[in-house]
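Secondary and tertiary structure notes
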Amino acid sequence: MKQFNIKQCRICGGTEFVKGVQEFHGSILGENEWAAGQPLYHILCLNCGSVLHSYVEHPTSLLTRKHREQYEQARKENK
Ligand SMILES: [Zn+2]
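This report concerns the structure included in the present document. Not measured: the values here are computed from a predicted model. (Residues numbered from 1 in each chain as written. Predicted model: local features only at pLDDT ≥ 70, side-chain atom pairs only at ≥ 80, totals over all residues.)

Observations concerning the overall build of the protein
Regarding its fold elements, the protein presents one helix and three strands. Computed over its C-alpha atoms, the radius of gyration of the protein comes to 16 Å, more than 25% above the 12 Å expected for a compact globule of 79 residues. For the C-alpha atoms alone, the extent of the protein along its principal axes is close to 45 × 35 × 20 Å. Residues counted as buried form 3% of the 79 residues belonging to the protein. Once local pairs closer than 6 in sequence are excluded, the contacts in the protein between residues at least 24 apart make up 51%. (Helix = DSSP H or I, 4+ residues; strand = E, 2+ residues; numbered from the N terminus. Rg over C-alpha atoms; globule rule 2.2 N^0.38 Å. Buried ≥ 20, exposed ≤ 12 C-beta atoms within 10 Å, placed from the backbone. Contact = placed C-beta atoms within 7 Å.)

Observations regarding the environment of H53
The topology assignment puts H53 in strand β3 (residues 51–55). Judged by C-beta crowding, with 14 C-beta atoms within 10 Å, H53 ranks as partly exposed. Measuring from C-alpha to C-alpha, the distance between H53 and H42 comes to 5.6 Å, with 11 residues separating the pair along the chain. Once residues within four sequence positions are removed from consideration, H53 is found in contact with F4, I6 and I43.

Points about the sheet that holds strand β1 (residues 17–22)
In spatial order, the strands read β1-β2-β3; together these three strands make up an open sheet with antiparallel pairing. Of all strands in the sheet, those with a lone pairing partner are β1 and β3, marking the two edges. Averaged over all neighbouring strand pairs, the angle between strand axes comes to 20°, with direction disregarded. Pairing of strand β2 (residues 40–45) with β3, which is carried by four bridges, proceeds in the antiparallel orientation. The residue bridging I43 from the neighbouring strand is H53, located in β3. (Pairing = 2+ DSSP bridges. Axes fitted to C-alpha atoms, helices over the stretch in contact; angles between N-to-C directions.)

Right under this line is the structure:
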């Protein structure tokens, strides 16, 4: 699980959280890469149920193949 620096709910001040996942029809699709859906993970406040943060595990899979290759090549060159 990814770690995010969430210490307190900005709505109710709660300090305990739970992770949920939105899959299937609620998955995130790349704008131009329809085949690569990604589950959307949420960090929610246990006290009030507010969604505090949402993310995908593999954002680069939302890129088209061409853009993904360009992105990965650029990252290699910057290391
Ligand atoms: Zn809350």
